Amino acid sequence: MMNEADDILEWHRVEGAVLGSLALGATVLFCGPILAAIAFVGFKRDPVLEIVFAVLAGICVVVGPAYAILKLARSLGEEAWLSARKDGVVFERNGKALRMAWDDLERVEHEPPTTLVFRRREGEAFVLHERFATIEVAELGKRLEDLRRKASFGLLPK
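Reading the values: the criteria
- Residues numbered from 1 in each chain as written.
- Predicted model: local features only at pLDDT ≥ 70, side-chain atom pairs only at ≥ 80, totals over all residues.
- Heavy atoms only, no water.
- Phe/Tyr/Trp six-rings, centres within 6.5 Å; stacked < 30°, edge-to-face > 60°.
- Helix = DSSP H or I, 4+ residues; strand = E, 2+ residues; numbered from the N terminus.
- Buried < 20%, exposed > 50% of the residue type's maximum accessible area, 1.4 Å probe, protein only.
- Core = buried A, V, L, I, M, F, W, Y, C linked by side-chain atoms within 4.5 Å.
- Contact = heavy atoms within 4.5 Å.
- Pairing = 2+ DSSP bridges.
- Axes fitted to C-alpha atoms, helices over the stretch in contact; angles between N-to-C directions.
- Expected span 1.5 Å × (residues − 1).
- Arc of directions from axis to C-beta.

Participant: Account for the packing of aromatic side chains, with residues named and values stated.
Facilitator: Across all of its chains, the model carries 4 aromatic pairs by this definition. An angle of 40 degrees between the planes, with centres 6.3 Å apart, marks the rings of Trp11 and Trp81 as tilted. Of this pair, Trp11 sits in strand β1 (residues 8-13) while Trp81 sits in strand β2 (residues 80-85); the two residues are 70 residues apart in sequence, bridging distant segments of the chain. By relative accessible area, Trp81 is classed as buried at 18%. Here the aromatic rings of Phe91 and Phe126 are separated by 6.1 Å at their centres, their planes lie at 45 degrees, and the arrangement is tilted. Note that Phe91 is positioned in strand β3 (residues 88-93) and Phe126 in strand β7 (residues 126-129), a separation of 35 residues in sequence. There is no split in this pair, since Phe91 and Phe126 are both buried.

Right under this line is the structure:
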């Protein structure tokens with residue numbers, strides 16, 4: 001007996017804002033030691049500025065990693081994915097799914113930098129502006145178009 005997972009040909013998770021979160025968190029963290037050096041070397045004769053810069057350094061050391069962790073948890077907590085199945089393409093985000101049968105699709109196009117356009121035979125095109133974690137959007141567009149063509153000739157596995 002076959003289950004639903006046997007029908008999936010490709011599966012790709014939408015990539016969250018991982019790099020931006022890490023870069024900003026690392027930048028804020030990096031400012032901590034710099035501010036500490038300024039406090040203890042540059043202002044050793046002025047205790048008020050030394051304390052102000054030391055407190056700012058401590059805040060940066062705490063806030064930078066906390067920001068990165070919270071943003072990563074938020075972006076990785078979002079469930080969004082695209083799967084190419086034997087019967088069509090499914091895009092799901094947080095429990096809501098859009099299913100497009102291969103027969104309903106006229107073509108799949110890529111528009112730089114991160115847009116996939118699913119042209120339907122009837123109705124409006126479905127436009128997807130996403131980056132995917134395991135594949136470039138241009139390559140994914142080519143693969144989906146190839147699967148659509150194979151499906152139109154009945155060449156997909158049964």
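Participant: Talk me through the nonpolar core; I want residue IDs and the actual numbers.
Facilitator: Core analysis: the biggest nonpolar cluster contains 22 residues, and Leu82, Trp102, Leu116, Phe118, Phe132 and Leu144 have the highest contact counts within it. The set of elements that each furnish at least two residues to this core consists of β2, β3, β5 (105-111), β6 (115-120), β7 and α3 (137-152). For this core, the leading source of residues is α3, giving 5 residues. Apart from residues no more than four positions distant in its own chain, Phe132 is found in contact with His12, Arg13, Val14, Glu15, Leu82, Leu116, Val137 and Leu140. The next biggest cluster of nonpolar side chains, apart from the first, holds 5 residues, and it includes Ala39, Phe53, Ala57 and Cys60.

Participant: Can you lay out the sheet that holds strand β4 (residues 96-101) for me, pointing to particular residues and giving the numbers?
Facilitator: Taken in spatial order, the 4 strands make up an open sheet running β1-β2-β3-β4, and their pairing is antiparallel. Only two strands of the sheet have a single partner each, and these edge strands are β1 and β4. Strand after strand, the sheet turns through a mean of 15 degrees between neighbouring axes, direction not considered. The sheet contact formed by β1 and β2 spans 5 bridges and is antiparallel. For Ile8, the partnering residue across the bridge sits in β2 and is Arg85. Relative to β1, α3 is tilted by about 160 degrees, and along the sheet it contacts β1, β2 and β3.

Participant: Describe α3, naming the residues involved and giving the relevant values.
Facilitator: Taking 1.5 Å as the rise per residue, α3 with 16 residues should run 22 Å; its terminal C-alpha atoms sit 22 Å apart, in good agreement. Listed in full, the buried residues belonging to α3 are Val137, Leu140, Gly141, Leu144, Glu145, Leu147, Arg148 and Ala151. Burial along α3 is one-sided: seen end-on, the buried residues are contained in an arc of 160 degrees. At its buried positions, α3 is contacted by β1, β2, β3, β5 and β6.

Participant: How would you explain the sheet that holds β6 if you had to name every residue and give the values?
Facilitator: If you walk across this open sheet you meet the 3 strands as β5-β6-β7, and the pairing is antiparallel. Two strands lie at the open edges of the sheet, namely β5 and β7, each paired on one side alone. Averaged over all pairs of adjacent strands, the angle between strand axes in this sheet comes to 15 degrees, irrespective of strand direction. One ladder, built from 4 bridges, connects β6 with β7; its direction is antiparallel. Looking across to β7, one finds that Val117 is bridged to Val127. Across the sheet, α3 is in contact with β5 and β6; its angle to β5 comes to roughly 165 degrees.

Participant: Talk me through the pairing of β6; I want residue IDs and the actual numbers.
Facilitator: Note that β5 and β6 share 6 bridges and pair antiparallel. From the neighbouring strand, Glu109 faces β6, where its bridge partner is Val117.

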